[in-house]
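# Remarks on the overall topology
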Amino acid sequence: MKILVIGGGGREHALVWKLRQSPRVSQIYCAPGNGGIAQEAECLPADVKSMDSLVSVAERVKPDLTVIGPELPLALGVVDEFQLRGWRTFGPTRAAAQLESSKSFAKEFMQRHRIPTAHYAICQTVDEVRAALPHFHAPLVVKADGLAAGKGVVMAKTKEEAASAASEMLSGRMLGEAGNPIVLEECLQGDELSFLVISDGARVVPLVAAQDHKRVGDGDTGPNTGGMGAYSTQSIIDDKMRDWLVHHIAQPVVAGMKTEGVEYKGVLYCGLMMTARGPMVLEFNCRFGDPETQPILMRLESDLLDTLEAAVEGRFINDDLRWTSDASVCVVVASGGYPGTFEAGKKIAGLEQAGELEGVKVFHGATSNRDDIYFTSGGRVLGVTARAANLDNAVQRAYEAVSTIGFEGMHYRKDIAARALKK
């Protein structure tokens with residue numbers, strides 16, 4: 001089979017790496033890919049913001065299956081367009097992807113279907129924000145309605161800070177159109193959990209859980225990012241909790257979508273806060289998470305292609321997925337200044353040495369390759385991922401690999417999975 005993966009980050013590198021392991025894959029393409037992905041797939045120039053560009057790539061390679069990585073093509077309706085042309089595509093339609101592309105849609109959907117989530121208010125104007133704020137206690141959360149590449153969330157310590165952030169979003173100064181309207185939310189306390197399932201439109205099958213680290217600095221300090229690292233272990237949730245999340249959150253989403261006339265096929269990412277009141281949904285993503293995909297796929301022992309193909313064709317078997325009991329951890333290595341402004345084009349050293357370590361795979365998030373030399377090309381440059389029999393050893397392996405890598409300005413969190421190790 002010929003496979004096309006759309007996207008060019010660490011998540012897409014992990015998808016390419018795992019799909020290549022299927023004996024049924026004869027050729028794998030990635031559009032646009034990056035310097036590291038080019039070592040494992042044929043990378044094709046493409047603009048993921050352009051429907052015409054993506055259609056042109058698919059017409060050229062005629063894939064047997066296309067896998068959509070990032071959120072923007074889903075929001076544009078690439079899956080709808082590909083399906084109209086008879087091309088098998090893994091991912092939700094534009095209507096289904098509203099769960100991610102519109103925070104206000106997702107909150108109202110959860111309310112309609114009694115899916116546990118934080119108390120909220122949807123505001124179109126600054127006056128509406130001022131009217132809503134007395135109904136909240138500080139701290140609180142301000143969210144842009146639309147897609148904002150993981151940066152449309154502000155954790156406000158005071159109501160004044162929340163009002164200021166909301167004003168910036170509503171004016172378009174912070175995020176452009178992504179900030180109109182905005183969602184105010186109560187600030188939930190607890191451990192965050194990334195819980196992903198794959199849906200065939202009617203049923204869901206869970207992947208192993210992971211925990212992301214969103215803040216840029218150690219100890220969960222500094223601004224939010226697209227994710228600075230993640231880990232996955234067999235003990236992160238027990239079977240009872242996994243089944244609860246399936247039956248009270250993931251399955252009701254797919255069933256609720258169906259009652260509203262929308263079939264949900266693809267990955268559903270449930271970003272959860274495990275609170276004293278029980279699990280609560282922070283957000284939905286309609287694709288594999290980044291960086292959670294890297295440690296999750298490091299633990300997958302069954303054929304990913306079989307699973308994705310079964311979902312597209314609506315023929316799920318619960319026993320399809322086999323997982324190792326090993327732990328896995330991903331440490332994101334970022335450009336200096338990220339998530340703010342940063343410079344690209346920095347020469348990267350030590351990648352070969354890192355990749356030779358036992359149980360380590362370095363996934364490329366934003367690199368280019370010129371004359372066999374790698375350079376940085378974005379904010380989250382690498383996802384250094386390791387697998388070992390236990391979390392302690394996986395963390396040690398990942399940081400040993402990170403220590404071999406160097407480029408000007410590079411930074412990374414030094415406490416990925418530290419809270420889990422303390423427990």
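Structural data are supplied above this passage.
Here the structure is a predicted model, which means the values were calculated and not measured.

This part covers the sheet that holds strand S10 (residues 191–200). Taken in spatial order, the four strands of this open sheet run S11-S10-S16-S17, and their pairing is antiparallel. Both outer strands of the open sheet, strand S11 (204–206) and strand S17 (278–285), are each paired with one neighbouring strand and no more. Looking at each pair of strands side by side, their axes are set apart by 35 degrees on average, direction ignored. In this sheet, S11 lies alongside S10 in antiparallel orientation, the contact comprising three bridges. Looking across to S11, one finds that Ile198 is bridged to Val205.

On to the sheet that holds strand S3 (residues 42–43), then. The five strands lie next to each other as S3-S2-S1-S4-S5, forming an open sheet whose pairing is parallel. With one partner strand each, in any of the chains shown, S3 and strand S5 (89–90) form the two edges of the open sheet. For strand S1 (residues 2–7) and strand S4 (residues 65–68), the ladder comprises four bridges, and the chain directions are parallel. Its bridge partner being in S4, Val5 is matched across the sheet by Val67. Contacts from helix H1 (residues 10–20) reach S1, strand S2 (27–32) and S4 within the one sheet, and its direction differs from that of S1 by about 170 degrees. Running over the sheet, helix H2 (residues 51–61) touches S1, S2 and S3 and is turned about 165 degrees from S1.

Moving on to the environment of Pro295. With respect to the helices and strands, Pro295 occurs in helix H10 (residues 293–299). Accessibility expressed as a relative area gives 0% for Pro295, which makes it buried. Through-space distance from the C-alpha of Pro295 to that of Ala209 is 9.8 Å; in sequence the pair is 86 residues apart. Leaving out residues up to four positions away in the same chain, Pro295 has contacts with Ala230, Tyr231, Ser232, Ser328, Val329, Cys330 and Thr385.

Our focus in this paragraph is the pairing of strand S21 (residues 373–376). Working note: regular strand, side chains alternate between the two faces of the sheet. Where strand S20 (residues 367–370) and S21 come together, four bridges link them in antiparallel fashion. By the bridge assignment, Asn369 is partnered in S21 with Tyr374. Between S20 and S21, which pair antiparallel in sequence order, lie two residues; one of them, Asp371, sits at a positive phi of approximately 55 degrees.

On to the packing of H1 against helix H11 (residues 304–313), then. Relative to each other, H1 and H11 sit at 105 degrees, their axes nearing to 8 Å. As judged from the angle between their axes, H1 and H11 are roughly perpendicular. In contact with Leu15, Lys18 and Leu19 of H1, H11 contributes Leu304, Leu305 and Leu308. Here the residues of the contact of H1 with H11 are counted per class, giving five nonpolar, no polar and one charged.

Throughout the structure, instances matching the rule amount to five aromatic pairs. An angle of 75 degrees between the planes, with centres 5.4 Å apart, marks the rings of Trp17 and Phe363 as edge-to-face. Pair noted here: Trp17 is in helix H1 and Phe363 is in strand S19 (residues 360–364), with a separation of 346 residues, a long-range link. Here Trp17 falls in the buried class, since its relative accessible area comes to 17%. For Phe363, a relative accessible area of 0% gives the class buried. Across the ring face of Phe105, the terminal group of Arg112 is positioned such that the distance to the ring centre comes to 5.9 Å. One residue, Lys414, lies across the ring of Tyr412, its end atom 4.7 Å from the ring centre.

Looking now at the environment of Thr341. Structurally, Thr341 is set in the loop between strand S18 (327–334) and helix H12 (351–355). With 226 residues separating them along the chain, Thr341 and Ile115 place their C-alpha atoms 37 Å apart.

Turning our attention to the environment of Leu140. Its location among the elements puts Leu140 in strand S7 (residues 140–144). Sequence spacing of Leu140 and Gly340 is 200 residues, and the spatial spacing of their C-alpha atoms is 23 Å. Those residues in contact with Leu140 that sit more than four places away from it in its chain are Leu133, Val154, Met155, Ala156, Thr158, Lys159, Ala162, Leu184, Glu185 and Cys187.

Within the largest apolar cluster, 73 residues are counted, with the highest numbers of intra-cluster contacts made by Leu99, Phe284 and Leu382. Residues in contact with Leu99, not counting those within four places in the same chain, are Phe105, Ala106, Phe109, Val253, Met257, Tyr264, Leu268, Phe284 and Cys286. Counting residues in hydrophobic clusters, the runner-up holds 37 residues, among them Ile3, Leu207, Leu304 and Phe363.

The next thing to look at is the pattern of salt bridges. Tallying each qualifying case throughout the model produces 33 salt bridges. For Arg88, the salt bridge is made with Glu309, and the minimal N-O distance between the two is 2.9 Å. Of this pair, Arg88 sits in the loop between helix H4 (78–84) and S5 while Glu309 sits in helix H11; the two residues are 221 residues apart in sequence, bridging distant segments of the chain. The class for Glu309 is buried, based on a relative accessible area of 8%. Each of Arg24, Arg88, Asp306, Glu309, Glu313 and Arg315 takes part in salt bridges that share partners, so that together they form one network.

Rules behind the numbers
Residues numbered from 1 in each chain as written. Predicted model: local features only at pLDDT ≥ 70, side-chain atom pairs only at ≥ 80, totals over all residues. Heavy atoms only, no water. Pairing = 2+ DSSP bridges. Helix = DSSP H or I, 4+ residues; strand = E, 2+ residues; numbered from the N terminus. Axes fitted to C-alpha atoms, helices over the stretch in contact; angles between N-to-C directions. Contact = heavy atoms within 4.5 Å. Buried < 20%, exposed > 50% of the residue type's maximum accessible area, 1.4 Å probe, protein only. Parallel < 35°, antiparallel > 145°, perpendicular 65-115°, else oblique. Nonpolar A, V, L, I, M, F, W, Y, C, P; charged D, E, K, R; others polar. Phe/Tyr/Trp six-rings, centres within 6.5 Å; stacked < 30°, edge-to-face > 60°. Lys NZ or Arg CZ within 6 Å of the ring centre and 35° of its normal. Core = buried A, V, L, I, M, F, W, Y, C linked by side-chain atoms within 4.5 Å. Salt bridge = Lys/Arg side-chain N within 4 Å of Asp/Glu carboxyl O.

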